[in-house]
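# Chains, contacts and geometry: an overview
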2 protein chains.
Amino acid sequence: HTFLKEISDPALHGPLDVYRNKASFNWKDMVRFIDGEDIYLFKQHVFKTLENDPLFARQPGEDVPIEKKREVNFLRYLLGKLQLKLSVYLEDCLGMYDWALVAKLFLSLGMFGATVANSGSSRHKKYLHMSMRTTAKYDPSTQEFVINSPDFEAAKFWVGNLGKTATHAVVYAQLYTPDQVCHGLHSFVVPVRDPKTLLALPGVLVGDMGKKLGQNGLDNGFAMFHNVRIPRENLLNKTGDVTPDGRYVTPFKDPKKRFGASLGALSGGRVYITRMALINLKLALTVAIRFSAARRQFGPKDTEEIPVLEYQLQQWRLIPYLAAAYALENFTKSIFMNFVEFQIGQMMKDKSDTAEMGREIHAISCSSKPLGSWTAQRGIQECREACGGHGYLAMNRLGDLRDDNDPNCTYEGDNNVLLQQTSSYLLSWLHAKQFDGVRIESPFHTVDFLEESQEILKSRFTALTVDDCVDSAVPLAAYKWLVCFLLEESQKRLEQERALGNDDFEARNNCQVYYCRSLAMAYIEHTCLQRFHELTTNQDTPAGLRPVLRKLCSLYGLWSLSSHMTTLYQEQKDIEEMMLKDDAVALVDVLAPTDFILNSPIGCADGQIYNHLWSTIMQGSKVLERPSWWKEFCSDKPVLGSLRPKL
Amino acid sequence: HTFLKEISDPALHGPLDVYRNKASFNWKDMVRFIDGEDIYLFKQHVFKTLENDPLFARQPGEDVPIEKKREVNFLRYLLGKLQLKLSVYLEDCLGMYDWALVAKLFLSLGMFGATVANSGSSRHKKYLHMSMRTTAKYDPSTQEFVINSPDFEAAKFWVGNLGKTATHAVVYAQLYTPDQVCHGLHSFVVPVRDPKTLLALPGVLVGDMGKKLGQNGLDNGFAMFHNVRIPRENLLNKTGDVTPDGRYVTPFKDPKKRFGASLGALSGGRVYITRMALINLKLALTVAIRFSAARRQFGPKDTEEIPVLEYQLQQWRLIPYLAAAYALENFTKSIFMNFVEFQIGQMMKDKSDTAEMGREIHAISCSSKPLGSWTAQRGIQECREACGGHGYLAMNRLGDLRDDNDPNCTYEGDNNVLLQQTSSYLLSWLHAKQFDGVRIESPFHTVDFLEESQEILKSRFTALTVDDCVDSAVPLAAYKWLVCFLLEESQKRLEQERALGNDDFEARNNCQVYYCRSLAMAYIEHTCLQRFHELTTNQDTPAGLRPVLRKLCSLYGLWSLSSHMTTLYQEQKDIEEMMLKDDAVALVDVLAPTDFILNSPIGCADGQIYNHLWSTIMQGSKVLERPSWWKEFCSDKPVLGSLRPKL
């Protein structure tokens, strides 16, 4: 294992030494197990490349105007573009630096091309319904389509890169043939700006959405069209075409089939968003746990303060999220492999298998994205609060991480809305078993246990002790029960709603809160826990790592379960977090990027929080200068004598 | 009721009409009941005054550099200062506009003066321990104190107004007499900048903390001192003084008594922070509920979309927070009155009563701040997600509300740490009863029910039906049981920890997670619910408002309870949210400020979300302009042919 020699040990001597020495496992073994040598070295290479390029230099907490953010991101994108091919690992690394850069690269290099090729994917599916009223009317006299958006509400919103630079857009519009027949939504390549000048083309109103909560390096835009003419060939004709003389032709008899087949293909974005969220969580945990280990506050004696990580409360706030990060690290990789298998299946044209895989990966991704993005959102907020005032300083990056993670809850479908897709998938299996006698068995095996539903529902978990819970099989079994229970309750509820005379639309909506939403969350948490449990019990997992992984796994299982069963949790969770306290620093060392990438003074690997904090503060802009408006202040300074107490 | 004539009805005709017409109560009656005529008119006057002053003009979502934010906030502060006296209602109004302005006014007009007068209060108590190593050594030869901070870690952090403009600071430092005896922390008025030039004085290193996640109009600063000499008289000598020849004299024999007496006085900040958080929540709910009522998405038929507020899921996400806002509106006023009563008690010098009041208001404020700030933090995040992509646009203000609310979780004590104060208070009552036979009865009656603890613990709530839950007495009774139960469990746990040989410091820390933290939260939620329940059942409450208030109260009770008992909740919560859907728009009309103050296009009173959104987008800076760096783009534009699919 020569690569070990190349790992620069993050344990620069300092306040974190004591925890690194107490860790129950070797962090380099964990790195080798999780990433492998090649990927680890590749990541370090990317980190160093960015660090050595002045274009990527930045100052923690700097106040960069949006226009400048977009320009800098664009210049960085030009460099990134030279890589030509984005890999997931490269995206991981660049995302740790700035997601807006990944988004710009992905939208230019991956997305636009993929959409043109497939006419199926969309980063902002949610907003597409707005495009329903944009029309593309075919004019056979010039062999052109004429694109029109009737009003503001029909405009395209949120399109990435469209705010400032996109020269072409893929526009979804209702296709009309000259006989005034509407053939439904199709996609068209529409030039929006002159590539030579970047000025909007005639009839195109295109501009910038303005400031967002985060990811402001990416220019999201809007567009409206007034009698914009495009050649007939600009119709992306996979689902249907128009002949030169204006007749509509399509290879699909039933458009629903086309939609069903594309479900799986649409899952790729959500699978990767799950991982984006995880990466944000990893960065936040690195900052908060290193800070907690280095920061001292109070203590049994007045003379000696203890690291805040020693407080049970601090452990209880942070360590479950650390366990979740390890669970999701394994899970996001496993569902990515599922997705790759599905894609290979599609290429091999084994259609029936592919359809089942597509349905399952759709159900997984529609719940893995909520699981990942919400876990990260809550975890980052907990990290921010756990760092107190230092977490509120922009320079420590927890605010940016939270803001950049936030859209993961929204795009590619609102989390709450997506969960309905997953519960429908599960209900369809129950229905197929009950009415058609189908055996429950899926390509990726996430639902297989439902076949044993009746036996599982008979099991009881009343006698749980602390010892029981060290074994993640215990929360895993409880989860199986929970999913089976919620599935039955969801179905009962759906039947009740229908018995009340509600139509399918209303019946399904009224089942979301009770119990479909919980069902979908329990299903994906079960799947995540199941796969982590398998990893920790696998004989191929290094023996030296298995104990700490088992603790992480059981903690994750019990903690996740607690959101479903507070009472059960209170009986069980005791001491679990305690056991991982001494491993926490080493566990984040495994997840952490370099200090340059992390970009957080209180999160540096050497734990010298005050030195970093001070030098960053001092290097800030005009930190010691009086304000430019000082004269106004001095001419109107409050007089000490006029001050009066308040409240 | 002449004032009704002056109320300009917010129901400009538009998409919200249908909900306003369906409301079960008259919103003007609710305004009159909650605020009263005088305060309502005063608030409208303040709102109009701000709106009519160009200095207060702003553009939703504008990207203002920090330096500019500070300057503008300072200029606004100069105007606000003319008011001379801050009232809670004025603070409410200005806070709805920008909390950084309130902070600057409060710190200059209220805080500094109050500290000089009382030498007791501190907005940033949490950071004071850092000041423990700053020293003030008395030099009798010049009758001066010499102030020194040994290193970075001993510097003052976070002091409001210190970043740019403060000329004097109140500094806590260890007082040394010439005999080298340390007399503990005392406070000193130290000049830090020359009032004529705003330049730092010799020996003073004073500067700006840099960018924060929010409230960037306020300049938080740091200061370090190197042999800074101040006159002997600058010692704030309420707790101790030094004679000209260097002897220490104090009126207190036991310094702990002084500390105990000041507990109540320190509660004022936390009481008001609870209200600040509520105001942020009100603004966010106004935006999200109006948006949900105006925004249409999907529907049973393809041709007709329905308002997203009609979806059970959207109601389930938002309406419990609306109920919480009404509960907290009543609660924050009631604890403010408790605090005023305590202050009056102090002025009347009725010391024994005051001490008990002080202890109780301390316990209330140490848990009301966590309750208010976390409810707001989670509620604002839910509002942001419930508005989808529109919630992610800066112009709609949900990001600013979240960021400006965030420090409420941290300053005046970290929420989690503060809760320990409340649980200790409750445990002390149990101890006094069990060991000294004391009857449990407190000045503000928040603990009186604990006297009946044994009877309450015998009650059972297994037979709850939906009908039961419409009466808020049911969740209220469940809460009483919960507090009694958690109090007993906390005490058991504490005794176990001590039996294990842990010292008091460790024993208390190890009880926080089980169960002291839950105990403190349950106690304050119970108090909030109890007072809301009393309001809704009070015969003085207008009959026409009681039904909707009762629904809000029972929903708040059940929803809060759910964080403690998920299982219990799932049996009960059904349909509660449904019943309030049609009242939601009118309920936020009651809470909402004017559109100018709200400053959120999707939250405008007329519900014309797209018109406002579009005009705001279009009025943005350089919205339709090509970027200044367009030439670089055009010389290096990606070639369409080189694009390739990804994933």
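The structure this text deals with has already been given above.
What comes next is a walk through the structure.

The rules behind these values
Residues numbered from 1 in each chain as written. Chains lettered and ligands numbered in written order. Predicted model: local features only at pLDDT ≥ 70, side-chain atom pairs only at ≥ 80, totals over all residues. Heavy atoms only, no water. Phe/Tyr/Trp six-rings, centres within 6.5 Å; stacked < 30°, edge-to-face > 60°. Helix = DSSP H or I, 4+ residues; strand = E, 2+ residues; numbered from the N terminus. Buried < 20%, exposed > 50% of the residue type's maximum accessible area, 1.4 Å probe, protein only. Core = buried A, V, L, I, M, F, W, Y, C linked by side-chain atoms within 4.5 Å. Contact = heavy atoms within 4.5 Å. Polar contact = N/O pair within 3.5 Å; in protein donor to acceptor, adjacent residues only side chain to side chain. Arc of directions from axis to C-beta. Axes fitted to C-alpha atoms, helices over the stretch in contact; angles between N-to-C directions. Parallel < 35°, antiparallel > 145°, perpendicular 65-115°, else oblique. Left-handed = near helix turned anticlockwise from the far one by under 90°. Nonpolar A, V, L, I, M, F, W, Y, C, P; charged D, E, K, R; others polar. Pairing = 2+ DSSP bridges.

### So, the packing of aromatic side chains
If you walk through the whole model with that rule in mind, you get 20 aromatic pairs over all chains. Centre to centre, the rings of Phe56 of chain A and Tyr97 of chain A are 5.3 Å apart; their planes meet at 65 degrees, and the pair counts as edge-to-face. With Phe56 of chain A in the loop between helix H4 (37–52) and helix H5 (66–81) and Tyr97 of chain A in helix H6 (residues 88–97), this pair connects stretches of sequence that are 41 residues apart. Ring centres 6.3 Å apart and planes at 90 degrees place the aromatic pair Tyr425 of chain B and Trp429 of chain B in the edge-to-face group. Taken together, the positions of Tyr425 of chain B and Trp429 of chain B, both in helix H14 (residues 415–436) and four residues apart, correspond to about one turn of that helix. On the basis of relative accessible area, Tyr425 of chain B is assigned to the buried category, the value being 5%.

### Concerning the nonpolar core
One finds Met30 and Tyr326 of chain B to be the most contacted residues of the largest nonpolar core, which totals 152 residues. Among the elements that make up this core, the one with the highest residue count is helix H9 (residues 267–294) of chain B (17 residues). Apart from residues lying up to four places away in sequence, Met30 of chain B is in contact with Phe25, Tyr326, Leu545, Val548, Leu549, Leu587 and Val590 of chain B. Counting residues in hydrophobic clusters, the runner-up holds 150 residues, among them Ile279, Tyr321 and Val623 of chain A together with Trp629 of chain B.

### Section: the environment of Thr446 of chain B
All names here are of chain B. Looking at where Thr446 falls in the secondary structure, it is placed in the loop between H14 and helix H15 (453–458). Of the residues examined, Thr446 reaches a relative accessible area of 3% and is grouped as buried. Between the alpha carbons of Thr446 and Lys631 there is a distance of 68 Å; along the sequence they are 185 residues apart. If near-sequence neighbours (up to four positions away) are discounted, Thr446 is found in contact with Glu360, Ile364, Tyr523, Thr527 and Arg531. A polar side-chain atom of Thr446 sits 2.7 Å from a polar atom in the side chain of Tyr523.

### Notes on helix H25 (residues 609–618) of chain B
Buried within H25 of chain B are the following residues: Ile609, Tyr610, Leu613, Trp614, Thr616 and Ile617 of chain B. Down the axis of H25 of chain B, the smallest arc covering the buried residues is 165 degrees, so these residues share one side.

### Focus: the packing of helix H4 (residues 37–52) of chain B against helix H6 (residues 88–97) of chain B
All names here are of chain B. Axis separation between H4 and H6 bottoms out at 10 Å; the angle between their running directions is 40 degrees. The pairing of H4 with H6 is recorded here as oblique in orientation. Of the two possible hands of crossing, H4 and H6 adopt the one that is right-handed. Together, Ile39, Phe42, Lys43, Val46, Phe47 and Leu50 of H4 and Tyr89, Leu90, Cys93, Leu94, Met96 and Tyr97 of H6 make up the contact between the two elements. Counted by class, the contact of H4 with H6 contains eleven nonpolar, no polar and one charged residues.

### As for the sheet that holds strand S2 (residues 144–148) of chain B
Residue and element names in this part refer to chain B. Overall, mixed pairing links the six strands, which are arranged S8-S2-S1-S4-S5-S9 in an open sheet. Each having just a single partner strand, strand S8 (228–231) and strand S9 (235–236) make up the two edges of the open sheet. Relative to S2, strand S1 (residues 135–139) runs antiparallel, the two being bridged by five bridges. Bridge assignment links Tyr138 to a residue of S2, and that residue is Phe145.

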